[in-house]
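# Report on the structure
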Amino acid sequence: MRRLAKPMLFAAALIWGSSFFIMKGAVDVIPIFFLLAIRFTGGAVLLALVCWKKWKTFTPDYLWRGAVIGGFLFAAYSVQTFGIALTTPSKNAFLTAVYCVLVPFFHWAVMGKRPDKYNLLAALLCVSGVGLVSLNGGFSVTPGDSLTLVGAVFYAAHIIAVAKVSPDKDITLLTVLQFAFAALYAWVLGFLFQTPPPAAILSPDLLLQMAYLTVMCTTVALLFQNVGQVWSDPASAAILLSLESVFGVLFSVLFYHDPVTPRLLLGFAVIFLAVLCSETKLSFLRLRPEKN
């Protein structure tokens, strides 16, 4: 299993990177809350079936923990999905990666662990990169860019919330419940504020997209990430998972025909460098002492 850890993390990043392109097509047809409701419901059911033996460890306190992290997960996904409807998949992918830089600062606020100089450098690089990506000729930020950045904040908050409520709990079972609560929130808001999609829109292409989002992007990729991180160094795992953004741009350019400009590429490069700085402390630049 240890030998499969890195390929699993790489595969998770590849799957999630492809979801930006697929989500862009799905949100044009299905109302966003209903899209997320279907995705989270399917993910909860599939993951619950996969880890059915884990249910014997269930205790009532799993419910409130799942409700909390499910709330953050739903907020992150919903805001990000509204953002992708108003921006390009490539920009949505890279701006979402900002959460990797925000996590150390949220961890400081909640856990009391102060970020180091590499976190501060990463924040500066990230702000510069976001400016290059988001600011147009009139120095304004598009609504889609703003929503995507808010989604990144919720993703960072979700990571900290999981760290706060998951100790001594089975993470797979807790993940099932967070999916279930996220689905519940999505169904409620969908019926309150949106019109359910008619059955007539369920074309073969759309069904295939939804199946991919539910099975691969929600269930398989999550399992790959969890298993891969168990057998990998955290910094190495973060680098591989951050490739999600790179794959997001690649898929959107290849299939969605996003425009590619030098300024956009420079912004992407700076944000990616910020992620590397935050997660690896630039250790790959420091020479290792020679062994005698």
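Use the structure listed above.
To start, this report covers the structure provided alongside it. As the structure is a computational prediction, the values presented were derived from the model and not from experiment.

## As for the overall build of the protein
Per the secondary structure count, the protein includes eleven helices and zero strands. Its helices and strands in sequence order give the protein the pattern α-α-α-α-α-α-α-α-α-α-α, from N to C terminus. In the protein, which comprises 292 residues, the proportion classed as buried is 48%. Only carbon and sulfur atoms are counted for the fraction: they give 71% of the accessible area of the protein, which is about 14500 Å².

## Things to note about the packing of helix α3 (residues 61-84) against helix α7 (residues 143-165)
Put simply, α3 and α7 touch, their axes get as near as 7 Å, and they point 165° apart. Of the possible angle classes, the one that applies to α3 and α7 is roughly antiparallel. The hand of the α3/α7 crossing is left-handed. Across the interface between the two elements, W64, R65, I69, F72, L73, A75, A76, Y77, V79, Q80, F82 and G83 from α3 touch G144, L147, T148, V150, G151, F154, Y155, A157, H158, A161, V162 and V165 from α7.

## Quick word on the environment of L240
Here L240 is to be found in helix α10 (residues 234-256). On the basis of relative accessibility, which here comes to 16%, the residue L240 falls in the buried class. For L240 and L14, which are 226 residues apart along the polypeptide, the C-alpha to C-alpha distance reads 9.5 Å.

## Notes on the side chain of R39
Position of R39 among the secondary structure elements: in helix α2 (residues 32-50). At 2.7 Å, the side chain of R39 forms a polar contact with the side chain of T218. Not counting residues up to four positions away in its chain, the partners in contact with R39 are M23, Y77, L213, T214, C217 and T218.

## As for a nonpolar patch on the surface
On the surface, W52, W55, F58 and L63 cluster together into a nonpolar patch covering about 410 Å² of accessible area. Here F58 shows up in the loop between α2 and α3.

## Examining the packing of aromatic side chains
Throughout the structure, instances matching the rule amount to twelve aromatic pairs. Measuring from ring centre to ring centre gives 5.5 Å for F33 and F82, while their planes differ by 75°; the resulting arrangement is edge-to-face. In this pair, F33 sits in helix α2 while F82 sits in helix α3, placing the two residues 49 residues apart along the sequence. On the basis of relative accessible area, F82 is assigned to the partly exposed category, the value being 32%.

## Topic: the side chain of T148
Its location among the elements puts T148 in helix α7. The exposure class assigned to T148 is buried, which follows from its relative accessible area of 0%. Beyond its immediate chain neighbours, meaning those up to four positions away, T148 contacts G83, T87, N92, L95 and T96.

## Quick notes on helix α11 (residues 262-280)
Between the first and last C-alpha of α11 there are 26 Å, a value that for 19 residues agrees with the 27 Å anticipated at 1.5 Å per step. Buried within α11 are the following residues: L264, G267, F268, V270, I271, A274, V275, L276, C277, S278 and T280. A positive phi of about 60° marks K281, the residue just after α11.

## Some points on the environment of W55
With respect to the element layout, W55 can be found in the loop between α2 and α3. When its relative accessible area of 33% is taken as the criterion, W55 is described as partly exposed. Each C-alpha atom of the pair W55 and L173 lies 7.1 Å from the other, and the pair is 118 residues apart in sequence. With near-sequence residues (within four places) excluded, W55 lies in contact with A48, L173, V176 and L177.

## Comments concerning the nonpolar core
Counting residues in each nonpolar core, the largest one holds 66 residues, and the members touching the most others are L35, L36, F40, Y99, F179 and L213. Considering every element that reaches this core, the biggest residue donor is α2, with ten residues. Ignoring anything within four residues of it in the chain, the contact list for F179 reads F40, G43, A44, L47, L73, T218 and L222. I69, V165, L173 and L177 belong to the second largest nonpolar core, which has eight residues in total.

## A look at the pattern of salt bridges
Taken as a whole and assessed by the stated rule, the structure comprises three salt bridges. R65 is paired through a salt bridge with D61; the nearest N and O atoms lie 3.3 Å apart. With R65 and D61 both in helix α3 and four residues apart, the pair spans about one turn of that helix. According to the relative accessible area criterion, R65 is buried, its value standing at 15%. Close ionic contact of D61 with K169 constitutes a salt bridge, the shortest N to O distance being 2.6 Å. Remark: K169 occurs in the loop between α7 and α8 (171-193) and D61 occurs in helix α3; sequence separation between them is 108 residues. Among the ionic contacts, a cluster of salt bridges with common partners joins D61, R65 and K169.

Definitions and limits used
Residues numbered from 1 in each chain as written. Predicted model: local features only at pLDDT ≥ 70, side-chain atom pairs only at ≥ 80, totals over all residues. Heavy atoms only, no water. Helix = DSSP H or I, 4+ residues; strand = E, 2+ residues; numbered from the N terminus. Buried < 20%, exposed > 50% of the residue type's maximum accessible area, 1.4 Å probe, protein only. Areas by Shrake-Rupley, 256 points an atom, 1.4 Å probe, with all protein chains shown as cover. Axes fitted to C-alpha atoms, helices over the stretch in contact; angles between N-to-C directions. Parallel < 35°, antiparallel > 145°, perpendicular 65-115°, else oblique. Left-handed = near helix turned anticlockwise from the far one by under 90°. Contact = heavy atoms within 4.5 Å. Polar contact = N/O pair within 3.5 Å; in protein donor to acceptor, adjacent residues only side chain to side chain. Patch = residues over 30% accessible without salt bridge, like charges linked within 9 Å, V, L, I, M, F, W, Y side chains within 5 Å. Salt bridge = Lys/Arg side-chain N within 4 Å of Asp/Glu carboxyl O. Phe/Tyr/Trp six-rings, centres within 6.5 Å; stacked < 30°, edge-to-face > 60°. Expected span 1.5 Å × (residues − 1). Core = buried A, V, L, I, M, F, W, Y, C linked by side-chain atoms within 4.5 Å.

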